[in-house]
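One letter stands for each residue in the lines below.
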Amino acid sequence: MSLSGKRVVIIGASSGIGLATALAAAEAVANIASKILGPFYAVKHADPRLSQKGSITFFSGVAAWKLFPNASVVSAANAALAAFARSLAVELAPIRVNAVSPGVVEMPSWNEMPEEERNAFFENLGKQLPARRIGQANDLADAVLFLMQNRFTTGTVLHVDGGHRLI
Ligand SMILES: NC(=O)c1ccc[n+]([C@@H]2O[C@H](COP(=O)([O-])OP(=O)(O)OC[C@H]3O[C@@H](n4cnc5c(N)ncnc54)[C@H](OP(=O)(O)O)[C@@H]3O)[C@@H](O)[C@H]2O)c1
């Protein structure tokens, strides 16, 4: 049979290039699931138990607002969290719902990058950021405490990124 002049659709399966496609899709789904479904189920089960004066804070991320190469899935997942917070702020009111959007923050999640490369990346980026440094855990902790304590803030994204989304 000749394929000449015909359209061919390849769907991921168990071998060859199809497997590569399927694995990439599976990884994307796993990334999205851990970022979005975790908060989704946490809210679903916590909501009936939360005080009406309580609040929820999600972690979004700078990739939702600044474009990085090969980060479309991360970008989409982070943007979803911000939208989720906005919607839930109305749906769950008077419980407040907000999101923190970290930029590059020195956390164990960066440890997969070799130490020397990581240190150089942090130093170079720190020089470029408007804040002239990368973030530390305390920067995020301060932001979360603010959102927990400020009773008039809901449905918002607090950008704790040293200005990364602006450059
Ligand atoms: N650090 C950054 O530069 C940066 C930038 C933008 C956005 N963010 C966002 O900020 C948040 C925190 O990031 P991080 O850098 O602090 O990460 P981290 O150091 O890797 O900490 C992530 C935490 O989440 C837990 N965790 C991971 N996957 C989980 C799962 N499937 N189920 C339950 N717990 C899970 C980890 O538990 P274990 O310790 O047990 O593995 C760990 O305690 C994330 O949403 C991340 O996307 C971070």
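All of these numbers come straight from a predicted model, not from anything done at the bench.

The rules behind each value
- Residues numbered from 1 in each chain as written.
- Predicted model: local features only at pLDDT ≥ 70, side-chain atom pairs only at ≥ 80, totals over all residues.
- pLDDT = per-residue confidence, 0-100.
- Contact = placed C-beta atoms within 7 Å.
- Buried ≥ 20, exposed ≤ 12 C-beta atoms within 10 Å, placed from the backbone.
- Helix = DSSP H or I, 4+ residues; strand = E, 2+ residues; numbered from the N terminus.
- Right-handed = clockwise from strand over helix to strand, strands pointing away.
- Pairing = 2+ DSSP bridges.
- Near = placed C-beta within 6 Å.
- Nonpolar A, V, L, I, M, F, W, Y, C, P; charged D, E, K, R; others polar.
- Axes fitted to C-alpha atoms, helices over the stretch in contact; angles between N-to-C directions.
- Expected span 1.5 Å × (residues − 1).

Let us now look at the confidence of the model for the protein. Summary statistics for the protein give a mean pLDDT of 89 and a share of 89% for residues scoring 70 or more. Predicted confidence is poor over residues 12-16, with pLDDT under 50, and the contacts of this stretch with residues over four places away or in other chains come to nine contacts.

Among the seven residues of strand S2 (residues 96-102), seven are classified as buried, and the element is accordingly described as predominantly covered. Burial along S2 is two-sided: the face carrying Arg-96, Asn-98, Val-100 and Pro-102 and the face carrying Val-97, Ala-99 and Ser-101 are both buried. Tracing the backbone out of strand S1 (residues 55-59), into helix H2 (residues 72-91) and back to the parallel element S2 gives a crossover that is right-handed. Two elements, S2 and strand S3 (residues 157-160), share four bridges in a ladder whose sense is parallel. Across the sheet, Val-100 pairs through a bridge with Leu-158, a residue of S3.

With that out of the way, let us pick up the pairing of S1. When a strand is regular, its side chains alternate between the sheet's two faces. Inspection of the sheet shows S1 paired to S2 by five bridges, in the parallel sense. From the neighbouring strand, Phe-59 faces S2, where its bridge partner is Val-100.

Moving on to the site of the ligand. Around the ligand lies a shell formed by Ser-34, Gly-38, Phe-59, Gly-61, Val-62, Pro-102, Val-104, Val-105, Met-107, Pro-108 and Ser-109. When the residues that make up the shell around the ligand are grouped by side-chain class, the tally is seven nonpolar, four polar and no charged.

Turning to the sheet that holds S2, a few remarks are in order. Spatially, the three strands line up as an open sheet ordered S1-S2-S3, and their pairing is parallel. Pairing within the sheet leaves two strands with one partner each, and these edge strands are S1 and S3. Put simply, the sheet's adjacent strands are angled 25° from each other on average, direction ignored. Strands S1, S2 and S3 of the sheet are contacted by H2, whose axis makes an angle of about 165° with S2. Contacting S1, S2 and S3, helix H4 (residues 137-149) runs over the sheet at an angle of about 165° to S2.

Mapped onto the elements, Glu-123 comes out in helix H3 (residues 115-128). By the C-beta count within 10 Å, which is 11 here, Glu-123 ends up exposed. The sequence separation of Glu-123 and Arg-133 amounts to ten residues, and the corresponding C-alpha distance is 7.6 Å.

Let us now look at H3. Two residues of an α-helix separated by three or four positions point the same way, owing to the 3.6 residues in each turn. With 14 residues, H3 ought to run about 20 Å at 1.5 Å a step, and its terminal C-alpha atoms sit 20 Å apart, in line with that. The buried fraction of H3 amounts to zero of the 14 residues, a small share that puts the element mostly on the outside.

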